[in-house]
Amino acid sequence: MYVMAEPKTKRGQIRRAKILAAAETVMGDQGFSAASIAEITRLADTALGTFYVYFTSKEQVFRELVLEMGRITRAIVGEAISDAPDRLSSERAGLEAFLRFVAERPQLYRIVEEARFVDPEAYRDYFWHFGQAYTLGLREAQKRGEISAGDPEVRAYALMGISKALGDRYVLWEETPDIERVVEEAHKMICHGLAP
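What comes next is a walk through the structure. Fair warning: this is a prediction, and the values are worked out from it, not measured in the lab.

Glancing now at the overall build of the protein. On a plain count of helices and strands, the protein comes out with nine helices and zero strands. Counted from the first residue to the last, the protein has its helices and strands arranged as α-α-α-α-α-α-α-α-α. Considered along the principal axes of its C-alpha atoms, the protein spans approximately 60 × 35 × 30 Å. With the model as given, the accessible surface of the protein reaches about 10,500 Å², and the carbon-plus-sulfur share is 55%.

Below you can see the structure in the form of structure tokens.
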């Protein structure tokens, strides 16, 4: 897939970001198939032709949003766990940061879910990059004796699955999610399963 270069001017970067933000809203609310470039540009308050200055197609915008979700989420979780004293504390902080991000940007989360069907390669890449970093973190925690021995990759994907399912059930499906309660309960289960 052809990827256009990032805009060189500040004005161009702002315009591209506005289009991406509008696409996140439109695609997250309506789904990929129902979303139109005309609606995206209308919401971005930009001319239809301007869209093609920054993106080649609706598919490219969609893929960019999946990549953005990965970048932002990894950064947010990384920041949240950076001061954690041990792996089990990291698990709690990371889960809470993820669920709070889903609550703040539910459309972006829905786009990643839809990528399974719209852009399976982007969907796999999204989870693959998470899985690689997560596996490494668990492997290092095992070496330090912070968690019990086991297959770090299987555990990484199991923990990612927990986060994903909790995001669906307790964030997207609830009007006022009680994230603290969900994190507390899930963390008890994670600690019982991972404690050395």
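On inspection of all chains with the given rule, the structure shows 18 salt bridges. The salt bridge partner of Arg-42 is Glu-39, with a shortest N-O separation of 2.7 Å. Residue Arg-42 and its partner Glu-39 are both found in helix H2 (residues 37–43); the two are separated by three residues, about one turn of the helix. The exposed category is assigned to Arg-42, whose relative accessible area is 53%. Across the pair Arg-92 and Glu-184 runs a salt bridge, and its minimum N-O distance is 3.0 Å. With Arg-92 in helix H5 (residues 87–104) and Glu-184 in helix H9 (residues 179–194), this pair connects stretches of sequence that are 92 residues apart. By relative accessible area, which is 35% here, Glu-184 ends up partly exposed. Three or more residues are tied together by salt bridges with common partners; here these are Arg-92, Glu-96, Arg-100, Glu-180 and Glu-184.

One non-glycine residue with positive phi stands out, namely Asp-45, at about 55°. Mapped onto the secondary structure, Asp-45 falls in the loop between H2 and helix H3 (48–54). On the basis of relative accessible area, Asp-45 is assigned to the exposed category, the value being 61%.

Another aspect to go through is the packing of helix H6 (residues 106–118) against helix H8 (residues 152–172). Each pair of packed helices can be summarised by the angle the axes make with each other and by the distance between the axes. Where H6 contacts H8, the axes come no closer than 12 Å and their chain directions differ by 135°. Considered as vectors, H6 and H8 are oriented oblique to each other. When the axes of H6 and H8 are compared, the crossing they make is left-handed. The residues of H8 that touch H6, namely those facing Pro-106, Tyr-109, Arg-110, Glu-113 and Arg-116, are Lys-164, Gly-167, Asp-168 and Leu-172. The residue makeup of the contact of H6 with H8, split by class, is three nonpolar, one polar and five charged.

Parameters at a glance
Residues numbered from 1 in each chain as written. Predicted model: local features only at pLDDT ≥ 70, side-chain atom pairs only at ≥ 80, totals over all residues. Heavy atoms only, no water. Helix = DSSP H or I, 4+ residues; strand = E, 2+ residues; numbered from the N terminus. Areas by Shrake-Rupley, 256 points an atom, 1.4 Å probe, with all protein chains shown as cover. Salt bridge = Lys/Arg side-chain N within 4 Å of Asp/Glu carboxyl O. Buried < 20%, exposed > 50% of the residue type's maximum accessible area, 1.4 Å probe, protein only. Axes fitted to C-alpha atoms, helices over the stretch in contact; angles between N-to-C directions. Parallel < 35°, antiparallel > 145°, perpendicular 65-115°, else oblique. Left-handed = near helix turned anticlockwise from the far one by under 90°. Contact = heavy atoms within 4.5 Å. Nonpolar A, V, L, I, M, F, W, Y, C, P; charged D, E, K, R; others polar.

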